[in-house]
Amino acid sequence: MDLNMDLNAPHSMGTTIIGVTYNGGVVLGADSRTSTGMYVANRASDKITQLTDNVYVCRSGSAADSQLVSDYVRYFLHQHTIQLGQPATVKVAANLIRLLSYNNKNMLETGLIVGGWDKYEGGKIYGIPLGGTLIEQPFAIGGSGSSYLYGFFDQAWKEGMTKDEAEQLVVKAVSLAIARDGASGGVVRTVVINSEGVTRNFYPGDKLQLWHEELEPQNSLLDILSSPSPEPMNI
Amino acid sequence: MASKQPENSLLGPEADSQRTLYPNVTGTSVVALKYKDGILMAADMGGSYGSTLRYKNVERMKAIGKHSLLGASGEISDFQEILRYLDDLILYDNMWDDGNSLGPKEVHNYLTRLMYNRRNKFNPLWNSLVLGGIKNGEKYLGTVSMIGVNFEDDHVATGFGNHLARPILRQEWHENLSFEDGVRLLEKCMRVLLYRDRSAINKLQIAKITEEGMTISQPYSLKTYWEFSAFENPTQGAVGSW
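From a predicted model like this one, the values you see are computed outputs, not experimental measurements.

Q: How do you make sense of the confidence of the model for chain B when you look at a structure like this?
A: Close inspection of predicted coordinates is inappropriate in any region flagged by low pLDDT. Across chain B, the average pLDDT comes to 93, with 92% of residues at 70 or higher. Quick note on the complex model: pTM equals 0.88, ipTM equals 0.84.

So, in structure tokens, the structure goes:
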């Protein structure tokens, strides 16, 4: 581990996480790989964690740090909801995450994307990167895989998408990041949150579109070999 | 066996309570000048994450109370925290309900104490601040750095702005600039910063504070010039050079 940190190189974080607003709500997406060094400790993790009925958070960076932060915030939000008498807003959830991230900035290594729906502001996405800056965005990307998506989103993102367009965009993006980022992999999980509620979706690796230099998965070489030879020319 | 400590362990000198070691999400230069009716301040809307230009919609200038305008460069999360401190300060001032209100001089002094005291605890707020305002006809423009260095002047800048913008301002600033001249002068500085500062982005805002109040422009972009003949084929006479 390099102790002499180049001030221009932030910690790289295993994972690809995305949060996107659409016309009516938000779509959160993530890959499912948790790695310890070069080994994949969990190939089917769930990085999209519930905070309340209407607010979820995408976690990246240290698994332990992100789990603890979201556990604390879930606990505080639960109490807050009881006191308030109605569902917590996305803004409050995001600010609680910010408080923990900012006040413990020297000890934590986690970048989070908070997304949800409330009756006051509708669908909202808040990014909380390393350091505890809180920034509201129409869409947010995070984790080491996000490096490969800045150009993609600059081109593909547009305001006012439908739910299906937004979800397809998220799935495509996570899939592209998985193709190039060694620290991202596995399945694509998405969570759609709107006024009607929450829907979880699951896109296994073999159901995703193939990208450059990727081949159609086969059961065995033998299947390819035993396929019938093409007919010789009939002259 | 080598004992390597990650910088976030609880053992060793880095462990004592809190000390900011390095910034994560940063804003670049802020440039400001005094003009006829008050203060003009400019800053781009970028939030850099190391060398990545990650956030492109960050407002780095905010109104403080009725009379002041604060611009910040450096760590954005620390700037957000400073805004919270100032919220409390202004609220407390308003609660007195005595017809008096904190002016730019007072806010600048508060910020100086804040930054210097944090520096003394080896836990700085990683920002360079520009505080401008006008109260009872008196214009004020000051700056505070993360180590507590503070001063006031007719024109100030942070970061790269000190090296690129100040020399321009020293040549071309004069007392009683009109609004148009002030804006053009700031834009001249911001254009140079755009050419020469790697962390600058082409999306900026200009804020104005006068006795009437504070306004901040919509985000906009500056045209840049690349049509110098020398730019077209620079290596023609010296192949392989740059």
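Q: Can you help me understand helix α3 (residues 160–172) of chain B in this one?
A: At 3.6 residues per turn, the α-helix brings residues three or four places apart onto the same side. All names here are of chain B. For α3, which comprises 13 residues, the first-to-last C-alpha distance of 18 Å matches the rise-based estimate of 18 Å (1.5 Å per residue) to within 8%. When the local axis directions of α3 are compared, the greatest deviation, roughly 35°, occurs at Arg166, which is followed within four positions by the proline Pro167. By the burial criterion, the buried members of α3 are Gly161, Ala165, Arg166, Ile168 and Leu169.

Q: What exactly am I supposed to notice about the UniProt feature "active site" (unreviewed entry) in chain A here?
A: Residue and element names in this part refer to chain A. When the UniProt feature table is mapped onto this chain, "active site" (unreviewed entry) is found at Thr15. For Thr15, the location among the structural elements is in the segment before β1 (17–22). Assessed through its relative accessible area of 4%, Thr15 is described here as buried. Apart from the residues lying within four places of it in its own chain, the contact partners of Thr15 are Asp31, Arg33, Lys47, Arg59, Ser60, Gly142, Gly143, Ser144, Gly145, Asp181, Ala183 and Ser184.

Q: Just checking my understanding: could you explain unusual backbone geometry for this structure?
A: Among all residues except glycine, the phi angle is most often negative; among peptide bonds, the trans geometry is most common. All names here are of chain B. With phi around 60°, Phe122 is a residue other than glycine that occupies positive phi space. Take Phe122: its relative accessible area is 60%, and that puts it in the exposed class. Despite not being glycine, Asn176 shows a phi value in the positive range, around 60°. As for its position among the elements, Asn176 is in the loop between α3 and α4 (179–196).

Q: Would you mind showing me how to read the sheet that holds β1(A) here?
A: Within a sheet, adjacent strands bond to each other through the backbone by hydrogen bonds, running parallel or antiparallel. All names here are of chain A. With antiparallel pairing, five strands are arranged side by side in an open sheet as β10-β1-β2-β11-β12. The open sheet has two edge strands with one neighbour each: β10 (139–142) and β12 (197–203). Along the sheet, successive strands turn relative to each other by an average axial angle of 15°, direction set aside. Each of β1, β2 (25–30), β11 (188–194) and β12 is contacted by helix α4 (residues 163–180), which is oriented at about 155° to β11, the strand it contacts most.

Q: Sorry if this is basic, but what is going on with the packing of helix α1 (residues 63–84) of chain A against helix α2 (residues 90–103) of chain A here?
A: Between two packed helices, what matters for the description is the angle formed by their axes and the separation of those axes. All names here are of chain A. Where α1 meets α2, the closest approach of the two axes is 10 Å, and the angle between their N-to-C directions is 135°. Comparing their axes, α2 and α1 come out oblique. Considering the relative orientation of α1 and α2, their crossing is right-handed. Along the contact surface, α1 presents Val69, Tyr72, Val73, Phe76, Leu77 and His80, while α2 presents Val92, Ala93, Leu96, Ile97 and Leu100.

Q: Explain a nonpolar patch on the surface to me, please; I cannot follow it from the model alone.
A: Residues and elements named next belong to chain B. Together, Tyr195, Tyr225, Trp226, Phe228 and Phe231 make up an exposed nonpolar region whose accessible area comes to about 570 Å². Position of Tyr195 among the secondary structure elements: in helix α4. The class for Tyr195 is partly exposed, based on a relative accessible area of 34%.

Q: Which parts of the structure should I look at to understand the side chain of Ser184(A)?
A: Residue and element names in this part refer to chain A. Summarising the element assignment, Ser184 is placed in the loop between α4 and β11. Here Thr16 takes part through its side chain, which lies 2.7 Å from a polar atom of the side chain of Ser184. A polar contact is formed between the side chain of Ser184 and the side chain of Asp181, at a distance of 2.7 Å. Those residues in contact with Ser184 that sit more than four places away from it in its chain are Thr15, Thr16, Asp31, Arg33, Ser144, Gly145 and Ile178.

Q: Whenever I open this one, the pattern of salt bridges confuses me. Can you help?
A: Pairs may arise between side chains of opposite charge once their charged atoms sit close together. As enumerated under the stated definition, the model contains 15 salt bridges over all chains in all. Between Glu81(B) and Arg98(A) there is a salt bridge, with its nearest N and O atoms 3.3 Å apart. Of this pair, Glu81(B) sits in helix α1 (residues 76–96) while Arg98(A) sits in helix α2, which puts the two residues in different chains. Summarising the burial analysis for this pair, Glu81(B) and Arg98(A) share the class buried. Where Asp44(B) meets Arg60(B), a salt bridge forms, and the shortest distance between an N and an O atom there is 2.9 Å.

Q: What is the right way to read empty space enclosed by the protein from this model?
A: Space left empty within the atom packing is revealed by a probe, the size of a water molecule, rolled over the atoms. This structure, assessed with the given rule, holds three cavities of 30 Å³ or more. Considering only enclosed or pocket space, the largest cavity measures out at about 90 Å³ in volume. Sorting the residues of the lining of the largest cavity by element identifies β7 (110–118), β8 (122–128) and β10 of chain A together with β5 (52–55) of chain B as the ones contributing at least two each. Tallied by class, residues from the lining of the largest cavity come to 10 nonpolar, six polar and one charged.

Q: What should I look at first to understand the sheet that holds β7(A) in this one?
A: Residues and elements named next belong to chain A. As summarised here, the arrangement of the five strands in space is β5-β6-β7-β8-β9, forming an open sheet in which the pairing is antiparallel. The sheet is open, and its two borders are formed by β5 (48–50) and β9 (135–137), each paired with just one other strand. For this sheet the average axis-to-axis angle between neighbouring strands, irrespective of direction, equals 30°. Here strand β6 (residues 55–61) pairs with β7 via seven bridges, running antiparallel. Within the sheet, the bridge partner assigned to Cys58 lies in β7 and is Ile113. Along the sheet, α1 contacts β5, β6 and β7; its crossing angle with β6, the most-contacted strand, is approximately 160°.

So, how was this worked out
- Residues numbered from 1 in each chain as written.
- Chains lettered and ligands numbered in written order.
- Predicted model: local features only at pLDDT ≥ 70, side-chain atom pairs only at ≥ 80, totals over all residues.
- Heavy atoms only, no water.
- pLDDT = per-residue confidence, 0-100.
- Helix = DSSP H or I, 4+ residues; strand = E, 2+ residues; numbered from the N terminus.
- Expected span 1.5 Å × (residues − 1).
- Bend = angle between axes of the 7 residues up to and from the residue.
- Buried < 20%, exposed > 50% of the residue type's maximum accessible area, 1.4 Å probe, protein only.
- UniProt positions renumbered as here; feature names shortened; annotations may be inferred.
- Contact = heavy atoms within 4.5 Å.
- Pairing = 2+ DSSP bridges.
- Axes fitted to C-alpha atoms, helices over the stretch in contact; angles between N-to-C directions.
- Parallel < 35°, antiparallel > 145°, perpendicular 65-115°, else oblique.
- Left-handed = near helix turned anticlockwise from the far one by under 90°.
- Patch = residues over 30% accessible without salt bridge, like charges linked within 9 Å, V, L, I, M, F, W, Y side chains within 5 Å.
- Areas by Shrake-Rupley, 256 points an atom, 1.4 Å probe, with all protein chains shown as cover.
- Salt bridge = Lys/Arg side-chain N within 4 Å of Asp/Glu carboxyl O.
- Polar contact = N/O pair within 3.5 Å; in protein donor to acceptor, adjacent residues only side chain to side chain.
- 1 Å grid on protein atoms, 1.4 Å probe; cavity = no way out; pocket = protein on both sides within 12 Å on 5 of 7 lines; lining within 4 Å.
- Points joined across faces, edges and corners; volume = space filled by probe spheres on them.
- Nonpolar A, V, L, I, M, F, W, Y, C, P; charged D, E, K, R; others polar.

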